[in-house]
Amino acid sequence: EARIRRFLLLPDDEGLDWVVEPKFDGASASLTYVDGVLVRGLTRGDGEFGEDVTANLRTLRNVPLRLHEGTRKAPALLEVRGEVLIERAAFRTFNESRVAVGESPLANPRNAAAGAIRRSDPAEVARYPLVFQPWAVVRVEGAEFATYWEARSALDAWHFPVNRWAERARGLEECLAYHARLELGRADLPFDVDGVVAKLDRLDLRERLGTTARSTRWQYAHKFPANEATSTLRAIELQVGALGRITPRAHVDPVEIGGVVVRHSTLHNADHVSALGLRIGDRVFLHRAGDVIPQVMGVAEAASGDAPRDWASAVPESLRTASGIRSGVTWEWRAPFAMASACPDCGTALVQEGKFWRCPNVYGCRPQIVGRTLMGTRRGALEIDGLGEKMVEQLHDAGLLRGLADLFHLDARRDELVALERWGEKTVANLLAEIEKARRPTFERFLTCLGIPDVGAATARSLALHFASLDELRAASEDALQHVEGIGPESAASLRAWFAAPQNHALLER
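Not measured: the values here are computed from a predicted model.

A. Up close: the overall build of the chain. Of regular secondary structure, the chain possesses 19 helices and 18 strands. A globule of 510 residues ought to have a C-alpha radius of gyration of about 24 Å, and the chain, at 26 Å, matches this closely. Based on the C-alpha atoms only, the size of the chain along its principal axes is roughly 70 × 65 × 55 Å. Counting the 510 residues in the chain, one finds 42% classified as buried. Partitioning the contacts of the chain with sequence separation of at least 6, the portion at a separation of at least 24 is 61%. Both charge centroids of the chain, one from 64 positive and one from 70 negative side chains, sit 1 Å from each other.

Next up, the structure:
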């Protein structure tokens, strides 16, 4: 508020008018209407480019396909943004129906909503109890509003669902009082919410304030404290990331936190585990950071005495193999965690990089091969839809994939693909069609898909703008690389080392 006052040159005694709303925890979407008819629905995507999911959003029962014009004429153009949600009660009923027909239950309403709106079959999307809650009018032609509250009234007249929990507030004290009331009653709300959003009501003030590179200046989010619970620490496993980083992960007895059942929590690195003072069997405090990511906060009650008789048999099934407990798992009663000296998957000696440990076997370690392949096919890279983790693991285990480049040679091994368990002609045809569409990516997307350390989408974009071709980039010196925005001496040296490595040269050629 102080920044807003300074920016607008407002006196301290002039109260600001806000609209305060629940901060819905779902999947953001944008609806565009032309002459009152819904013509396009997009996901938020990367914030600049969204994915067209118009057919899927049309299946939402409370999304008007044509604006109602009983009391207010529809504008020539209208873009409304909001949240796609599933009510908690509807989510429980939906999960029960899935279990009844042999399908696995979904983890939580937020992930279910985000996954549903990106499905390829609108008829399947229609099965989900999705609803839409608008929270912004971002473009309008043929209508004018002085305030956000007035825009909300127009949405109501056009038969959009009304956010009945929104209120107007004068000054910060009323905003804080609303936050306190909503926090007390959050369990009674039908949706998951993780805080409050306060927005300046006057649209002319919003226009004057504008935005920074990262956010708007005229609104703020005020989160709720994280939900907490306690559970028993059953084991700590070492996970190998796509780029080889070794991360300890806690396995705890299932416990519900804020409507979500938690079984795992990242422990970041060995130093973090030591700082928490964890031993297997401890009762630990857990919370969901931002009401999303489970985290172990500390020890509630240290394990003591002898191990329970069923301790060994209660180790989670996911940590077992046919011959016993998987490598890289600490599970014995009251055992402290210790970082392994070798990769739990491929047995390669680990290397230490600051607080972290890494497996250097980039092209021979199964989790890295699978992880890098998935990274290369995600949004912003090659965007090969329908290729999930289980499928990549099957391809690897069948000897059909030893790296991302092998995807572009699968068309020559169609018969072997069809023979894989739960695949078949249709699955193979769909996958090969997606791969075919990905054969000519932009330079920027190609660089993103390679999994070069420290080269994400933003850095790849800068490199693609600076260098005319892959050959020019491969030949660039460290000094030349440092002329690219965001590339410093360490990143430049890392890039040169990556392009100089024979295995990476072979990857590019393949």
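B. Highlighting the sheet that holds strand 1 (residues 17-24). The strand order across the open sheet formed by four strands is 6-1-7-8, and the pairing between neighbours is antiparallel. Of all the strands in the sheet, just strand 6 (167-170) and strand 8 (219-223) have a single pairing partner and so form its edges. Taking each pair of neighbouring strands and ignoring which way they run, the sheet shows an average axis angle of 30°. Two elements, strand 1 and strand 6, share four bridges in a ladder whose sense is antiparallel. Across the sheet, residue Asp17 finds its bridge partner in strand 6, namely Arg170. Packing of helix 6 (residues 148-157) onto the sheet brings it into contact with strand 1, strand 6 and strand 7 (193-200), and relative to strand 1 it is tilted by some 55°. Across the face of the sheet, helix 7 (residues 171-184) comes into contact with strand 1, strand 6, strand 7 and strand 8 while running at roughly 140° to strand 6.

C. Fine view of the sheet that holds strand 4 (residues 77-85). Ordered in space as 3-2-4-5, the four strands form an open sheet in which the pairing is antiparallel. Either end of the sheet is taken by a strand with one partner, and the two such strands are strand 3 (37-43) and strand 5 (131-141). Neighbouring strand axes in the sheet, compared pairwise and without regard to direction, differ in orientation by 25° on average. This element, helix 6, spans strand 4 and strand 5 of the sheet and lies at about 115° to strand 5.

D. Up close: unusual backbone geometry. Positive phi outside glycine occurs at Arg334, with the angle close to 65°. By the element assignment, Arg334 lies in the loop between strand 16 (329-330) and strand 17 (351-353). Of note, Asp454 is a non-glycine position whose phi angle comes to about 70°, a positive value. Here Asp454 lies in the loop between helix 14 (443-449) and helix 15 (457-466).

E. Representation of the packing of aromatic side chains in the model. For the coordinates displayed, the defined rule picks out nine aromatic pairs. Between the aromatic rings of Trp165 and Phe191, the centroid separation amounts to 6.0 Å while the plane-to-plane angle is 85°, which identifies the pairing as edge-to-face. Of the two residues, Trp165 sits in the loop between helix 6 and strand 6 while Phe191 sits in the loop between helix 7 and strand 7, which places them 26 residues apart along the sequence. One aromatic cluster is present, formed by Phe24, Trp165 and Phe191 through successive ring pairs. Geometry around Trp149 places Arg152 over its ring, the cationic atom sitting 4.5 Å from the centre. In this arrangement the basic side chain of Arg245 is found over the ring face of Phe356, its NZ or CZ atom lying 3.7 Å from the centre.

F. Fine view of the environment of Glu167. Mapped onto the fold, Glu167 is located in strand 6. For Glu167, a relative accessible area of 32% puts it in the partly exposed group. The spatial distance from the C-alpha of Glu167 to the C-alpha of Pro22 is 9.8 Å, given a sequence separation of 145 residues. Those residues in contact with Glu167, other than ones at most four positions away along the chain, are Trp18, Val19, Val20, Trp149, Tyr178 and Arg181. Within the structure, Glu167 has its side chain in polar contact with the side chain of Arg181 (distance 2.7 Å).

About the criteria used
- Residues numbered from 1 in each chain as written.
- Predicted model: local features only at pLDDT ≥ 70, side-chain atom pairs only at ≥ 80, totals over all residues.
- Heavy atoms only, no water.
- Helix = DSSP H or I, 4+ residues; strand = E, 2+ residues; numbered from the N terminus.
- Rg over C-alpha atoms; globule rule 2.2 N^0.38 Å.
- Buried < 20%, exposed > 50% of the residue type's maximum accessible area, 1.4 Å probe, protein only.
- Contact = heavy atoms within 4.5 Å.
- Lys, Arg positive; Asp, Glu negative; His and termini not counted.
- Charge placed at Lys NZ, Arg CZ, Asp CG, Glu CD.
- Pairing = 2+ DSSP bridges.
- Axes fitted to C-alpha atoms, helices over the stretch in contact; angles between N-to-C directions.
- Phe/Tyr/Trp six-rings, centres within 6.5 Å; stacked < 30°, edge-to-face > 60°.
- Lys NZ or Arg CZ within 6 Å of the ring centre and 35° of its normal.
- Polar contact = N/O pair within 3.5 Å; in protein donor to acceptor, adjacent residues only side chain to side chain.

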